[in-house]
Structures are given as C-alpha cells and as structure tokens.
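# Reading the structure
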Amino acid sequence: ALGVLLICLSGLLFPIMNGLVQVLSPRYPTEQIVWVRMASHLLFLVGVFAPSRGIAGLMRTRRPFWQFANSLLIVAATALFFAGVKHMHLASASAVSLSAPLFVAALAWPLLGERLTISRLLGAIGGFVGVLIVIRPGTSVFQLASLYIVGSAACYALYQIFTRKVAAEDRPETSACYSALVGTL
C-alpha cells in the first residue's frame, strides 16, 4: 500500500516539476535547472536516509562502475528532457517521453537476457506508432526538440536497465543518492 501511495505521489509531483521547468526555462540555462533539481534531490535523500544509515552506509556500493554509469544516464535523461521542454509543449514532450518503455523492451533481451514475446513486441510497435503520431516526423509540425525528448527516453530506458543490474546488490536509496550526487557534481 505504501508503494502504491508513493507511485501515485510521484505521478503528481513529476508533472508539477516539469511544468516548473517549462516556466523557468526562458529565464535560466538548462544546466542550472538540472543542477537545482539534482542538488535538491540529494539534500532530500541525505536528510531522509543519512540519520539511520550514515553517509558512509548510504554511499556504500558493490557496483561503483554501474552506479556511476547509471548516474550519468539519469543526468543525461534529465538534461535532455529539460532542454526539450524548453522548446516544445509539455504535453507533447510528455507523450514522446513515453517512448522509454519501447527502448526498454528493445534492450531487455540483449542487455538482460529477457525474452521478447509477441505481445510485448506488438505493444512496443503500438507504442512506437503512438509516438510517431505525436512527433509527426517529416512534417512542418516536427520540432528538432523532439529529438531531445527521444534521447531522454533512450537514456532513461538504459537507466532503468542498469538500475535492474545494481538492484540485486545495492539498496535503492544508495542508487538514488549516487544519481543525485553525480548530477549535483
């Protein structure tokens, strides 16, 4: 029940954050907005988890390379999304970002060894058609900023796959802190 509540809460907070990014984008550089997002995330995580685990316990990892690579991917996904939102409507950017599960489905077999079933393949194709309808490549409506969002979705898909690789050995809060720390730095 707590997990469902937290997912619902994130479903409310992420669109608010994305709306704030769009409002702030004309006045501030993308890099600065990304830094504030990552630094505030780091402060929140340290405030919540450091009292019980300590900083050293919170940052202890068995997979430092994967944590660092994963952190770079979420920073890239965030920066690309924020850069795209600066130039296109938030609803369109959000719709295009929904291509991330398509990338996960395509990469799950080669990177994780998961089977791609017919139903998953049909779902991925249907999702890809939906993304193409939104971004309309080859028309005058197509915006180059759409490629930022597609790049963000690809980075986020890899982030999800790498998260799965480290989840067997590191705690979720450790992965979240690494992502926020690397983004802040």
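Residues numbered from 1 in each chain as written. Predicted model: local features only at pLDDT ≥ 70, side-chain atom pairs only at ≥ 80, totals over all residues. Heavy atoms only, no water.

## Comments concerning the packing of helix 2 (residues 30–59) against helix 3 (residues 64–85)
Running from N to C, helix 2 and helix 3 point in directions that differ by 130°, and their axes come no closer than 9 Å. When the interaxial angle is binned, helix 2 and helix 3 end up oblique. With respect to the hand of their crossing, helix 2 and helix 3 are arranged in right-handed fashion. Across the interface between the two elements, Thr30, Ile33, Val34, Arg37 and Met38 of helix 2 pack against Ile74, Val75, Thr78, Ala79, Phe82 and Ala83 of helix 3. Classifying every residue of the contact of helix 2 with helix 3 by side-chain character gives 8 nonpolar, 2 polar and 1 charged. (Axes fitted to C-alpha atoms, helices over the stretch in contact; angles between N-to-C directions. Helix = DSSP H or I, 4+ residues; strand = E, 2+ residues; numbered from the N terminus. Parallel < 35°, antiparallel > 145°, perpendicular 65-115°, else oblique. Left-handed = near helix turned anticlockwise from the far one by under 90°. Contact = heavy atoms within 4.5 Å. Nonpolar A, V, L, I, M, F, W, Y, C, P; charged D, E, K, R; others polar.)

## Description of the confidence of the model for the protein
When pLDDT is averaged across the protein, the result is 88; 96% of the residues are at 70 or more. Per-element mean pLDDT across the protein ranges from 80 in helix 6 (residues 118–135) up to 95 in helix 3. (pLDDT = per-residue confidence, 0-100.)

## Here's the deal with the side chain of aspartate 170
As for its position among the elements, aspartate 170 is in the loop between helix 7 (145–167) and helix 8 (172–184). The side chain of aspartate 170 sits in the buried core without any salt bridge; arginine 62 is the nearest counter-charge, 5.6 Å away. Side-chain polar atoms of aspartate 170 contact the side chain of threonine 61, separated by 2.2 Å. Looking at aspartate 170, its side chain comes within polar contact range of the main-chain nitrogen of arginine 62, at 3.0 Å. Ignoring anything within four residues of it in the chain, the contact list for aspartate 170 reads Arg60, Thr61, Arg62, Arg63 and Gln67. (Buried < 20%, exposed > 50% of the residue type's maximum accessible area, 1.4 Å probe, protein only. Lys, Arg positive; Asp, Glu negative; His and termini not counted. Salt bridge = Lys/Arg side-chain N within 4 Å of Asp/Glu carboxyl O. Polar contact = N/O pair within 3.5 Å; in protein donor to acceptor, adjacent residues only side chain to side chain.)

## Considerations on the layout of surface pockets
By volume, the second largest pocket is sized at about 160 Å³. Taken together, the elements giving at least two residues each to the lining of the second largest pocket come down to helix 5 (100–112) and helix 6. Partitioning the lining of the second largest pocket into residue classes produces 9 nonpolar, 1 polar and no charged. (1 Å grid on protein atoms, 1.4 Å probe; cavity = no way out; pocket = protein on both sides within 12 Å on 5 of 7 lines; lining within 4 Å. Points joined across faces, edges and corners; volume = space filled by probe spheres on them.)

## With respect to the packing of helix 5 against helix 7
Two quantities define a packed helix pair, namely the angle between the axes and the distance from one axis to the other. Packing of helix 5 against helix 7 brings their axes to within 9 Å, and their N-to-C directions diverge by 45°. With respect to helix 7, the element helix 5 is oriented oblique. Relative to helix 7, the crossing made by helix 5 is right-handed. On helix 7, the residues that touch Ala100, Phe103, Val104, Leu107, Ala108, Leu111 and Leu112 of helix 5 are Val150, Ala153, Ala154, Tyr156, Ala157, Leu158, Gln160, Ile161, Arg164 and Lys165. Taken together, the residues that form the contact of helix 5 with helix 7 break down as 14 nonpolar, 1 polar and 2 charged.

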